[in-house]
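# Tertiary structure, described
Residue strings, one per chain:
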Number of protein chains: 2
Amino acid sequence: MATVAVQSFVSAPLQVPKVTQFKIGICQLKVTTEKSANIFNARSMIQAAAEQGASLILLPEMWNCPYSTDLFAKFAEDFSDIDSAPSLLMLSEVASSLGVTIIGGSIPEKDAGQLYNSCPVFGPNGELKAKHRKIHLFDMGKPLPGEVQFKESDNISAGEKPTVVDTDFGRIGIGICHDIRFPELAMSYSARGAHLVCYPGAFNMSTGATLWELEQRTRAVDNQLYVASCSPSRDSAGSYMIWGHSTVVGPMGEIIATTGHEEAVLIAEIDYAVIQWTRESLPLESQKHNDIYQFVDLLRESPNS
Amino acid sequence: MATVAVQSFVSAPLQVPKVTQFKIGICQLKVTTEKSANIFNARSMIQAAAEQGASLILLPEMWNCPYSTDLFAKFAEDFSDIDSAPSLLMLSEVASSLGVTIIGGSIPEKDAGQLYNSCPVFGPNGELKAKHRKIHLFDMGKPLPGEVQFKESDNISAGEKPTVVDTDFGRIGIGICHDIRFPELAMSYSARGAHLVCYPGAFNMSTGATLWELEQRTRAVDNQLYVASCSPSRDSAGSYMIWGHSTVVGPMGEIIATTGHEEAVLIAEIDYAVIQWTRESLPLESQKHNDIYQFVDLLRESPNS
């Protein structure tokens, strides 16, 4: 037990972004063992989403590479050298040509001899605005009967910070798959003034059925903000069977849009006024008892960061 | 923004209680405007639960008094004078005569001119082991269209501390109704080594349908422990219509037992070995990133309290 000095922050006020009502497009795509085919397919689905009116587009976890440990290094790209990174280059080009913002799911990232499970964010001018490295890696302990052992940290290094990015479509927090299991991450995004938390993810069949929707609805309800998730389709290649069921949830826990397990472009309307109504109707934030407990975000730099 | 010094705690290890496998009985009872009838009915349902093998018994929020602000003072009892408190006296007597432990839902408590919404806990020797005063009062802000204004703090004072109580049936944390909306309270119970969190509650028809089950499953899953809830039945007297649907949830979010909206005694099997398996299978606690965020329990006295 150590005594640490921490700064007690209040939540950042919700800013009004450039656009408060818009369509989000969720690309639940099929991942194959061919990287170039995955890039081509992702581009087509982003275009399809944009044609249906989406101006913010979300891709799944590991969309350019099957979730197979032996493939990560081969499919990985260097985020500091986009011109040599075909997946990132495509995202930059398509964001710019369509004028959309892309929360780019995740791909394997290589950096200084390490591999990360990383989400790139591109703005409508094609600029890489941010990246989120998966913080909470999916490391199983002792498998239950019928479960298959899985230890992501054998091959992937963990991210070391939360990621919020200011876009034309609001302040967006990012978590990748197992990151959703930790209420603390969504709490930190809410306290940092996020309107929306995006979770690219690839839950398996057992945790998918029991937890995928539950955790999304919970993070939305407990923090009174929007949550969007994007999974690969079930027929994707990889080391395990994927649940699918990409979903968009509103700040009262309502499912705005969801889909099954097949390849699909899901379009949902988002209206940030609903966040305001929800919080005015039930001001959970002001009802927290900071005399009893406090949530401390050690990496938040200032009350408005 | 203030800088506060806090103690960084690790979670208390899970102790092995006297009994690790047992039946819990949930008394979803009908509350009437007659206090003596409510006491008689509660006693009958506790007895029915015990006859079905329950050794830990949970009652609903405000079981001796309709949820009507004008009745709280009239129905309130003084927890420091049990001999003059007919509801508490019945619980003490029936706990002792049946040899059961009772998490006594809640009743209005009067103390020094204030009213509280308080849960008494009685051990099998009839002793009042603990009480929990509802911490998070249900104060609506600006009602949404169709919603009725509701401000619990107009009539009730808030509790000032979390409550964990060691019983023969494990370490039990208690939250009352709106307390469930705050992940922090369940997190503090988990960190204090609770096996089970009991939520007496009386959600209304709208939040009941959308949030009651969701929040219970979430608190169980995120903290890998058992959650049990107990509501009055829908045909109870009071100022609003009650959702019902008392439920018991296991540490993987699985619904072990639930019921509809009518008066019912719900019996569920609890086995604390499942907590251990769940945590061994997926050690969420050790995967938390305390270098990024920390949950601070300001009132926890020591790492093992």
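Residues numbered from 1 in each chain as written. Chains lettered and ligands numbered in written order. Predicted model: local features only at pLDDT ≥ 70, side-chain atom pairs only at ≥ 80, totals over all residues. Heavy atoms only, no water.

Per an unreviewed UniProt entry, the recorded name for chain A is CN hydrolase domain-containing protein, and the organism is Solanum tuberosum.

## Describing the relation of the copies chain B and chain A
Relative to chain A, chain B is turned by 180 degrees and slid 0.0 Å along the rotation axis, the superposed coordinates differing by an RMSD of 0.0 Å. Taken together, the rotation angle and the small translation identify this as a two-fold axis. Of all interface residues in chain B, 100% are interface residues in chain A too; the two copies therefore contact each other through one and the same surface. (Least-squares fit on C-alpha atoms with pLDDT ≥ 70 in both. Contact = heavy atoms within 4.5 Å.)

## Notes on the interface of chain B and chain A
How big an interface is tends to be stated in terms of the accessible area lost upon association of its parts. Contacts between chain B and chain A engage 59 residues on the former and 59 residues on the latter. Taking both sides of the interface into account, the surface hidden between chain B and chain A amounts to around 5,200 Å²; carbon and sulfur atoms contribute 61%. Linking chain B with chain A are six salt bridges. Ionic pairing is found between Arg219 of chain A and Asp222 of chain B, a salt bridge with its closest N-O pair at 2.9 Å. Put simply, chain B and chain A have 23 residue pairs in polar contact (both at pLDDT 80 or more) between them. (Buried area = accessible area lost by both parts, 1.4 Å probe. Salt bridge = Lys/Arg side-chain N within 4 Å of Asp/Glu carboxyl O. Polar contact = N/O pair within 3.5 Å; in protein donor to acceptor, adjacent residues only side chain to side chain.)

## Focus on helix H5 (residues 205–223) of chain A
All names here are of chain A. With 19 residues, H5 should reach 27 Å at 1.5 Å per residue; the first-to-last C-alpha distance of 27 Å fits that figure. Along H5, the largest kink reaches about 45 degrees and is centred on Leu211. The element H5 is largely enclosed, with a buried count of 14 among its 19 residues. The opening residue of H5, the one whose side-chain oxygen lies 3.0 Å from the backbone nitrogen of Ser206, is Asn204. Gln224 sits one or two residues past H5 and shows a positive phi near 50 degrees. (Helix = DSSP H or I, 4+ residues; strand = E, 2+ residues; numbered from the N terminus. Expected span 1.5 Å × (residues − 1). Bend = angle between axes of the 7 residues up to and from the residue. Buried < 20%, exposed > 50% of the residue type's maximum accessible area, 1.4 Å probe, protein only.)

## Details of the sheet that holds strand E9 (residues 170–174) of chain A
All names here are of chain A. Read from one edge to the other, the open sheet built from six strands follows the order E8-E9-E10-E11-E12-E13, with strand pairing classed as mixed. In this open sheet, the two strands that pair with only one neighbour each are strand E8 (163–167) and strand E13 (255–258). The average undirected angle you get between the axes of adjacent strands in this sheet is 20 degrees. For E8 and E9, the ladder comprises five bridges, and the chain directions are antiparallel. The residue bridging Val165 from the neighbouring strand is Ile172, located in E9. In this fold helix H4 (residues 183–191) packs onto E8, E9 and strand E10 (196–200), with an angle of close to 160 degrees to the strand it touches most, E9. In the packing of H5 onto the sheet, contacts are made with E10, strand E11 (226–230), strand E12 (247–249) and E13, and the angle to E11 comes to roughly 155 degrees. (Pairing = 2+ DSSP bridges. Axes fitted to C-alpha atoms, helices over the stretch in contact; angles between N-to-C directions.)

## Some thoughts on the packing of helix H1 (residues 35–51) of chain B against helix H3 (residues 86–98) of chain B
Two quantities define a packed helix pair, namely the angle between the axes and the distance from one axis to the other. Residues and elements named next belong to chain B. Close contact between H1 and H3 brings their axes to 10 Å; oriented N to C, the two are set at 20 degrees. One finds that H1 runs roughly parallel with respect to H3. The hand of the H1/H3 crossing is right-handed. Only Pro86, Ser87, Met90, Leu91, Glu93, Val94, Ser97 and Leu98 of H3 make contact with H1, whose side of the interface consists of Lys35, Ile39, Ala42, Arg43, Ile46, Gln47 and Ala50. Residues belonging to the contact of H1 with H3 are distributed by class as follows: nine nonpolar, three polar and three charged. (Parallel < 35°, antiparallel > 145°, perpendicular 65-115°, else oblique. Left-handed = near helix turned anticlockwise from the far one by under 90°. Nonpolar A, V, L, I, M, F, W, Y, C, P; charged D, E, K, R; others polar.)

## A short note on the UniProt feature "domain: CN hydrolase" (unreviewed entry) in chain A
Per the UniProt record, "domain: CN hydrolase" (unreviewed entry) is found at residues 22–272 of chain A. As annotated, residues 22–272 of chain A has a helix share of 25% and a strand share of 28%, and its two end C-alpha atoms lie 9 Å apart. (UniProt positions renumbered as here; feature names shortened; annotations may be inferred.)

## What about the pattern of salt bridges?
Residue and element names in this part refer to chain B. Applying the stated rule across the entire model yields 30 salt bridges over all chains. The partner of Lys18 in a salt bridge is Asp168, with the nearest N and O atoms 3.8 Å apart. With Lys18 in the loop between strand E1 (2–8) and strand E2 (21–28) and Asp168 in the loop between strand E8 (163–167) and strand E9 (170–174), this residue pair connects regions lying 150 residues apart in the sequence. Residue class for Lys18 comes out exposed when judged on its relative accessible area of 69%. One salt bridge connects Asp297 with Arg192, and the closest N-O pair in it is separated by 2.8 Å. You can see Asp297 sitting in strand E15 (residues 293–297) and its partner Arg192 sitting in the loop between helix H4 (183–191) and strand E10 (196–200), a full 105 residues away along the chain. Take Asp297: its relative accessible area is 6%, and that puts it in the buried class.

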